[in-house]
Amino acid sequence: MAKRTKKHNENFDWQDDEQEEIIWVSKSEIKRDAEELKQLGSKLVNLSAANLAKIPLDDSLSEAIALAQRIQKEAYRRQLQYIGKLLRAIDVEPIREALAKIENKHNQQQAMLHKLEIVRDELIAQGDARLNELCSEYPQAERQQLRNLTRAAQKELAQGKGAKAYRELYQQLKSFMLDDETTDEI
């Protein structure tokens, strides 16, 4: 009869803290992560070419996305699976950040337009006091033109006439305030 001996792994010391700690991940968590990356890939596939150019992608991922944009049905589903696999192999944080910027750009523009409306209404309500504050914030603003448009808008509102100066004041604010915001982003 052959002697049975227990094999001990002499290379691994369970008491040694310097060795790498093993982290167990459940199969369900792995599947959730894979599904999340597949959905990220789907968002990338649905982007326009101009927006896709803004996202840092490697060549193989770019080619896979371009192919997925051309195919349909079952092949499309398999291609999304492949894109998800490619995404698992790379750091996706830069991609997520760039995608968030693209998706959030519309919301930022809407918020800025609302801010313009508020500033316009404050100019009409407060007059020269708010105009001085605005000119100190935006030195490129044309003070005299803004003052004339503000007074004309105040007259229009008092008389209940059309809102021509009201709209022109908005456009004037938009011209220098949005230019300042876009240079801040660069």
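Residues numbered from 1 in each chain as written. Predicted model: local features only at pLDDT ≥ 70, side-chain atom pairs only at ≥ 80, totals over all residues. Heavy atoms only, no water.

Caption draft 1: Up close: a nonpolar patch on the surface. Taken together, Ile 23, Val 25 and Ile 30 make up a surface patch of nonpolar side chains, about 300 Å² in accessible area. Secondary-structure assignment places Ile 30 in helix α1 (residues 27–45). (Patch = residues over 30% accessible without salt bridge, like charges linked within 9 Å, V, L, I, M, F, W, Y side chains within 5 Å. Areas by Shrake-Rupley, 256 points an atom, 1.4 Å probe, with all protein chains shown as cover. Salt bridge = Lys/Arg side-chain N within 4 Å of Asp/Glu carboxyl O. Helix = DSSP H or I, 4+ residues; strand = E, 2+ residues; numbered from the N terminus.)

Caption draft 2: Representation of unusual backbone geometry. Look at Lys 73: it is not a glycine, yet its phi comes out positive at around 50 degrees. Turning to its location among the elements, Lys 73 is positioned in helix α4 (residues 73–88).

Caption draft 3: Region of interest: the side chain of Glu 156. Residue placement: Glu 156 occurs in helix α7 (residues 143–159). Buried within the structure, Glu 156 lacks any salt-bridge partner; its nearest side chain of opposite charge belongs to Arg 167, at an N-O separation of 7.1 Å. In this structure, Glu 156 is in contact with Lys 161, Gly 162, Ala 163, Lys 164, Ala 165 and Tyr 166, ignoring residues within four places of it in sequence. (Buried < 20%, exposed > 50% of the residue type's maximum accessible area, 1.4 Å probe, protein only. Lys, Arg positive; Asp, Glu negative; His and termini not counted. Contact = heavy atoms within 4.5 Å.)

Caption draft 4: Representation of the packing of aromatic side chains. Per the stated rule, a full pass over the model turns up 1 aromatic pair. Aromatic side chains Tyr 138 and Phe 176 sit 5.6 Å apart centroid to centroid with 65 degrees between the ring planes, which places their arrangement in the edge-to-face category. With Tyr 138 in the loop between α6 (128–137) and α7 and Phe 176 in helix α8 (residues 164–185), the pair connects residues that are 38 residues apart, well separated along the chain. Judged by its relative accessible area of 5%, Tyr 138 falls in the buried class. (Phe/Tyr/Trp six-rings, centres within 6.5 Å; stacked < 30°, edge-to-face > 60°.)

Caption draft 5: Representation of the environment of Ile 90 in the model. Its location among the elements puts Ile 90 in the loop between α4 and α5 (93–126). Assessed through its relative accessible area of 30%, Ile 90 is described here as partly exposed. Ignoring anything within four residues of it in the chain, the contact list for Ile 90 reads Asp 58, Leu 61 and Ile 95.

Caption draft 6: Region of interest: the nonpolar core. Ile 55, Ile 83 and Leu 87 are the most contacted members of the largest nonpolar core, which has 20 residues in total. Within the residue set of this core, elements represented by two or more residues are α1, α3 (59–70), α4 and α5. Apart from the residues lying within four places of it in its own chain, the contact partners of Ile 83 are Gly 41, Val 45, Leu 61, Ala 64, Ile 65 and Ala 68. In this structure, Leu 116, Leu 134, Cys 135 and Ala 153 belong to the second largest nonpolar core, which totals 19 residues. (Core = buried A, V, L, I, M, F, W, Y, C linked by side-chain atoms within 4.5 Å.)

Caption draft 7: Seen up close, α3. The end-to-end C-alpha separation of α3 is 17 Å, in line with the 16 Å expected for 12 residues at 1.5 Å each. Buried residues along α3 sit in contact with α1, α2 (49–53), α4 and α5. (Expected span 1.5 Å × (residues − 1).)

Caption draft 8: Spotlight on the packing of α5 against α6. Close contact between α5 and α6 brings their axes to 6 Å; oriented N to C, the two are set at 135 degrees. Taken together, α5 and α6 sit at an angle that is classed as oblique. Side by side, α5 and α6 meet where Val 119, Glu 122, Leu 123 and Gln 126 of the first sit next to Asp 128, Ala 129, Arg 130, Leu 131 and Leu 134 of the second. Within the contact of α5 with α6, the residues separate by chemical class into 5 nonpolar, 1 polar and 3 charged. (Axes fitted to C-alpha atoms, helices over the stretch in contact; angles between N-to-C directions. Parallel < 35°, antiparallel > 145°, perpendicular 65-115°, else oblique. Nonpolar A, V, L, I, M, F, W, Y, C, P; charged D, E, K, R; others polar.)

Caption draft 9: Structural view of the side chain of Arg 120. Of note, Arg 120 is situated in helix α5. By relative accessible area, which is 9% here, Arg 120 ends up buried. The contacts of Arg 120, once residues within four sequence positions are left out, are Tyr 166, Leu 169, Tyr 170 and Leu 173.

Caption draft 10: Main features of the packing of α1 against α5. Taken N-terminus to C-terminus, the directions of α1 and α5 make an angle of 50 degrees; their axes are 12 Å apart at the nearest point. One element, α1, and the other, α5, form an angle in the oblique class. The chirality of how α1 crosses α5 is left-handed. Across from Glu 36, Leu 37, Leu 40, Lys 43 and Leu 44 in α1, the residues of α5 making contact are Ile 95, Arg 96, Leu 99 and Glu 103. Of the residues assigned to the contact of α1 with α5, the class counts are 5 nonpolar, no polar and 4 charged. (Left-handed = near helix turned anticlockwise from the far one by under 90°.)

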